[in-house]
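# Survey of secondary and tertiary structure
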Amino acid sequence: MSAPPLTSVGRSRPRPAWHVATVVETRRETPTAARLTLEVPTWPGSEAGSHVDVRLTAPDGYQASRSYSIVSSTPEAQVVLAVDEQPDGEVSPFLVHEMRPGDQLELHGPLGAFFVWRPGESDRPVQLVAGGSGVVPLYAMAAAHGTADDDAPFRLLYSVRTPADVFFADELAALTGPAFSLDLVYTREAPDGWPDAVGRLTRETLAARTLPAARQPRVYVCGSTGFVETVARWLQELGHPATAIHTERFGGL
Ligand SMILES: Cc1cc2nc3c(=O)[nH]c(=O)nc-3n(C[C@H](O)[C@H](O)[C@H](O)COP(=O)(O)OP(=O)(O)OC[C@H]3O[C@@H](n4cnc5c(N)ncnc54)[C@H](O)[C@@H]3O)c2cc1C
């Protein structure tokens, strides 16, 4: 048997494999999203930002699989996912509405070596930019940073439709402090008294609410394909080198 793959700082990285997962809890994350806690006895653990492929099998043998980022995981125990429903989608409405404790599904993972944050890898600051459910792997990074011995400052710019659509609202509030700051952009509806204009993220807001290129942040961008491509282009126009920008596209326009 060959040795497990090593990360750039020498730790071994969990090797992807198929696992059987049992749902232990489902709960509402937002009006359109659910948080699923899965028991996975063979799970090797995962790095913050990685994802799994979830495979569902119907009684007639039909299979469908989709990728979902890992909110958190612990070796030989639990994997937590957060799934937003795409109204016409094949898999996400099932995961959001139909999963019950005791149901089983298959996971392949952990996956994704590029879109991960590893504590102690760099002392450069980290800028996270999320659109909608794209916050899932970025929250995982911020939460991992919150418990790690790592001084790099973190900042999250989170574009979201309405206050009710904010994923991990309590957890993000609890993380906020000297080492982590949160900037919200509401695209459809803001809380009463919100000082900023409501609407889609603009290049000007991105420039004003993110770490400047001069501070040489490592940047992670995640959301729908269109969101990620637009933000990545603006970041480069604002002087961030392409090599500093890590992207994960969730699909859609
Ligand atoms: C690496 C990775 C990680 C992901 N992590 C998450 C996660 O943590 N949580 C989560 O909710 N989703 C995540 N996704 C998206 C997920 O894999 C599915 O694409 C999504 O749940 C829709 O699947 P579906 O079968 O319901 O829709 P489909 O039947 O595949 O598609 C239905 C329609 O919805 C559109 N669509 C699909 N995805 C999106 C999107 N993100 N935005 C807008 N329109 C879309 C499609 O273009 C299509 O028109 C991730 C995707 C990738 C690649």
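Throughout, a residue's number is its position along its own chain's written sequence, starting from 1. pLDDT decides what is reported in this predicted model: residues at 70 or higher carry local features, side-chain atom pairs at 80 or more are listed and counted, and totals for whole chains, interfaces and linings draw on all residues regardless. As a rule here, side-chain values come from all non-hydrogen atoms in the structure, and water together with hydrogens is ignored.

In the nomenclature of an unreviewed UniProt entry, the chain corresponds to Ferredoxin-NADP reductase from the organism Promicromonospora iranensis. UniProt positions are given in the numbering used here, feature names are shortened, and annotations may be inferred rather than shown by experiment. Of the comments in the UniProt record for the chain, the one headed Cofactor (unreviewed entry) reads "FAD".

## Overview of the overall build of the chain
A count of helices and strands for the chain gives 5 helices and 11 strands. This radius of gyration counts C-alpha atoms alone. The globule rule is 2.2 Å times how many residues there are, raised to the power 0.38. The C-alpha radius of gyration of the chain comes to 18 Å, within 12% of the 18 Å expected for a compact globule of 253 residues. Seen through its principal axes, the chain has C-alpha atoms that stretch 50 × 45 × 30 Å. Each of the 253 residues in the chain was classed as buried or not, and the buried ones make up 45%. We call two residues contacting when some pair of their heavy atoms lies within 4.5 Å. Partitioning the intrachain contacts of the chain with sequence separation of at least 6 by distance along the chain shows that 72% fall at a separation of at least 24. Only carbon and sulfur atoms are counted for the fraction: they give 51% of the accessible area of the chain, which is about 12300 Å². This count recognises Lys and Arg as positive and Asp and Glu as negative, with His and chain-terminal groups excluded. Charged side chains are reduced to one point each, which is NZ for Lys, CZ for Arg, CG for Asp and CD for Glu. Treating the 21 positive side-chain charges of the chain as one cloud and the 30 negative ones as another, the clouds have centres 6 Å apart. Helix numbers and strand numbers start at the N terminus; a helix is a DSSP run of H or I with at least 4 residues, a strand a run of E with at least 2. Accessible area is worked out with a 1.4 Å probe on protein chains only. A residue is then buried under 20% of its type maximum, exposed over 50%, and partly exposed in between. All accessible areas in this document rest on Shrake-Rupley with a 1.4 Å probe, and a residue is counted as covered only by the protein chains that are shown.

## Observations concerning the pattern of salt bridges
Here a salt bridge means any side-chain nitrogen of Lys or Arg lying within 4 Å of a carboxyl oxygen belonging to Asp or Glu. Applying the stated criterion across every chain, the model contains 15 salt bridges. Across the pair Asp165 and Arg161 runs a salt bridge, and its minimum N-O distance is 3.6 Å. Under the relative-accessibility criterion, Asp165 is labelled buried at 10%. Judged by its relative accessible area of 30%, Arg161 falls in the partly exposed class. With its nearest N and O atoms 2.5 Å apart, the salt bridge here joins Glu237 to Arg203.

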